Amino acid sequence: MTKLIETNQIEGFNVYGVQMVDYTSDGVRGRDFGTAVALACFASSAAIEAEATAFAEVLRARQKKLSDLNGALATLIDIMGKFDNDEPESDDTVRDDRLPTVRDIAARYGVTVNIRTFTLPIVNSPTWYLIRRDDSENARANLEYALDVEDNDLQQDMITMQGLIGKRDNSFSTAAKVIKKVDGTADSILRTIGQ
């Protein structure tokens, strides 16, 4: 990390044997301590704010992924409701035109949904989309797992985001405290000189 503040000796300027200095911040020399520290705090806050803004995009992408996977899972569960539950067999199949959408959304996030297609050998025949009971169970389990993983990652990212916001607020608070202290010191010096 680069230095936000550099100390510069003022040549030939000593007060009671103490070398006087000024400070360089943002490439500008000759700043007093309070100004240099306040500007460094503001620069730190701006950097943290930029990082938080970029991180917010990550959170939005995770939330979109959760929403998409949740929608695909809900649709799949609705389709699975069509299976005959009186005598379930693993090779039972159901037909539904929403299956390609479920498959495509799941594939976008690395989850496989095995569906079958059937088209009659007739010109302009519609395509039927089918899924077996065992394939639907596997797809449901995989979608639920992907949702759990993504939800856990989102929770961790939210904690990180809260930390970034806390750091940013801390930088602003530090800058405000430094400015108040420098102001108080200047007022005290002026009062002492006036006495």
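Structure's up top.
Residues numbered from 1 in each chain as written. Predicted model: local features only at pLDDT ≥ 70, side-chain atom pairs only at ≥ 80, totals over all residues. Heavy atoms only, no water.

Asks: For this particular structure, what's the right way to read the pattern of salt bridges?
Replies: Pairing is possible between side chains of opposite charge, provided their charged atoms come close. All told, the structure shown has 19 salt bridges when counted by the stated rule. Residue Arg-132 is joined to Asp-134 by a salt bridge in which the shortest nitrogen-to-oxygen separation is 2.8 Å. Note on Arg-132: relative accessible area 21%, which makes it partly exposed. It is possible to trace a salt-bridge network through shared partners that takes in Arg-62, Lys-65, Glu-150, Asp-153 and Asp-157. (Salt bridge = Lys/Arg side-chain N within 4 Å of Asp/Glu carboxyl O. Buried < 20%, exposed > 50% of the residue type's maximum accessible area, 1.4 Å probe, protein only.)

Asks: Even after reading the chapter, I still don't get the environment of Asp-134, so can you show me in this structure?
Replies: Its place among the elements puts Asp-134 in helix α3 (residues 133–194). The class of Asp-134 is partly exposed, set by a relative accessible area of 25%. Polar side-chain contacts of Asp-134 include one of 2.8 Å to the side chain of Arg-132. (Helix = DSSP H or I, 4+ residues; strand = E, 2+ residues; numbered from the N terminus. Polar contact = N/O pair within 3.5 Å; in protein donor to acceptor, adjacent residues only side chain to side chain.)

Asks: Would you mind showing me how to read the sheet that holds strand β2 (residues 18–25) here?
Replies: To summarise the sheet geometry, strands pair through backbone hydrogen bonds and adopt either a parallel or an antiparallel arrangement. Taken together, the 3 strands give an open sheet; going across it, the order is β1-β2-β3, and neighbouring strands pair in antiparallel fashion. The sheet is open, and its two edges are formed by β1 (5–15) and β3 (28–31), each paired on a single side. If you compare each strand with its neighbour and ignore which way they point, the axes differ by 35° on average. When β1 meets β2, the two strands line up antiparallel, connected through 7 bridges. From the neighbouring strand, Asn-14 faces β2, where its bridge partner is Gln-19. (Pairing = 2+ DSSP bridges. Axes fitted to C-alpha atoms, helices over the stretch in contact; angles between N-to-C directions.)

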